[in-house]
Amino acid sequence: KVLLKKLKQIKSATTKINKQSSSNLKKRSKLYKAKALDLMKNLDEGRLEQEVAILALKHDVNEEIDRIFFHLESLQQELNKRSCSGKKIDFVLQELFREANTLSVKLDDPNLKNNAIDMKLFIEEMREQTQNVE
């Protein structure tokens, strides 16, 4: 029950980040473009668009969010089994933590970063709980 509650909290935090990530990415792209234009008035527009796209992709969190939801679903399925494997749960939590960590590194908005940090905390609490069960 404790793990399922933490699972819901992680889903909630991930959903919040997912909802705001695309607008955050657009905002960041505009900011990069404005800064580059200001610094380099004579820069080739095509090259500028390429550079902005590369910088924006570094902060795109869609892949991490997809993986987090996949791991959460895997964890949910394992927890719903009659006799679940502590080792498998620990492995999935480890993978989930890695994705949450990558997510937190890519985010620069303080509110989103706090959600990612909360996710990491929930995951660590779940890992502690599963170690107590084992």
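The structure this text deals with has already been given above.
Presented here is an overview of the structure given in this document. Bear in mind the structure is a predicted one, so any value in this text is a computation, not a measurement.

### Describing the overall build of the protein
Okay, step 1: Secondary structure assignment for the protein yields five helices and zero strands.
Okay, step 2: What you see in the protein, going N to C, is helices and strands ordered as α-α-α-α-α.
Okay, step 3: Its C-alpha atoms give the protein a radius of gyration of 19 Å, more than 25% over the compact-globule value 14 Å for 134 residues.
Okay, step 4: Principal-axis analysis of the C-alpha atoms gives the protein an extent of 65 × 20 × 20 Å.
Okay, step 5: A total of 134 residues make up the protein; the buried ones form 34% of that total.
Okay, step 6: Put simply, 73% of the contacts in the protein that link residues at least 6 apart link residues at least 24 apart.
Okay, step 7: Side chains of the protein carry 26 positive and 21 negative charges; the gap between the two charge centres is 4 Å.

### Here we look at the side chain of D109
Okay, step 1: Its location among the elements puts D109 in the loop between helix 4 (86-106) and helix 5 (110-133).
Okay, step 2: No salt bridge is formed by the buried D109; its nearest oppositely charged neighbour, K27, is found at 4.4 Å.
Okay, step 3: Here the side chain of D109 touches L112 through a polar contact of 3.1 Å, landing on its backbone nitrogen.
Okay, step 4: Not counting the four nearest positions on each side in its chain, D109 is found in contact with N24 and K27.

### Some remarks on the nonpolar core
Okay, step 1: Among the nonpolar cores identified, the biggest contains 24 residues, and I10, I17, L75, L96, L103 and M119 are the most heavily contacted of them.
Okay, step 2: The set of elements that each furnish at least two residues to this core consists of helix 1 (2-39), helix 3 (62-79), helix 4 and helix 5.

### A word on empty space enclosed by the protein
Okay, step 1: Throughout the structure, instances matching the rule amount to one cavity of 30 Å³ or more.
Okay, step 2: The volume enclosed by the largest cavity comes to roughly 40 Å³.
Okay, step 3: Considering the residues around the largest cavity, the lining is formed by S21, N24, L25, R28, H59, D60, V61 and L107.
Okay, step 4: Of the residues in the lining of the largest cavity, the class split is three nonpolar, three polar and two charged.

### Some points on helix 3
Okay, step 1: Between the first and last C-alpha of helix 3 there are 26 Å, a value that for 18 residues agrees with the 26 Å anticipated at 1.5 Å per step.
Okay, step 2: Those residues of helix 3 lying buried are E64, I65, I68, H71, L72, S74, L75, E78 and L79.

### Observations concerning the environment of L72
Okay, step 1: If you trace the backbone, L72 turns up in helix 3.
Okay, step 2: Assessed through its relative accessible area of 0%, L72 is described here as buried.

### Regarding helix 4
Okay, step 1: With 21 residues, helix 4 should cover 30 Å at 1.5 Å per step; its first-to-last C-alpha distance of 30 Å lies within 8% of that length.
Okay, step 2: Taken together, the buried positions of helix 4 are occupied by I89, V92, L93, E95, L96, E99, A100, L103, S104 and K106.

Definitions and limits used
- Residues numbered from 1 in each chain as written.
- Predicted model: local features only at pLDDT ≥ 70, side-chain atom pairs only at ≥ 80, totals over all residues.
- Heavy atoms only, no water.
- Helix = DSSP H or I, 4+ residues; strand = E, 2+ residues; numbered from the N terminus.
- Rg over C-alpha atoms; globule rule 2.2 N^0.38 Å.
- Buried < 20%, exposed > 50% of the residue type's maximum accessible area, 1.4 Å probe, protein only.
- Contact = heavy atoms within 4.5 Å.
- Lys, Arg positive; Asp, Glu negative; His and termini not counted.
- Charge placed at Lys NZ, Arg CZ, Asp CG, Glu CD.
- Salt bridge = Lys/Arg side-chain N within 4 Å of Asp/Glu carboxyl O.
- Polar contact = N/O pair within 3.5 Å; in protein donor to acceptor, adjacent residues only side chain to side chain.
- Core = buried A, V, L, I, M, F, W, Y, C linked by side-chain atoms within 4.5 Å.
- 1 Å grid on protein atoms, 1.4 Å probe; cavity = no way out; pocket = protein on both sides within 12 Å on 5 of 7 lines; lining within 4 Å.
- Points joined across faces, edges and corners; volume = space filled by probe spheres on them.
- Nonpolar A, V, L, I, M, F, W, Y, C, P; charged D, E, K, R; others polar.
- Expected span 1.5 Å × (residues − 1).

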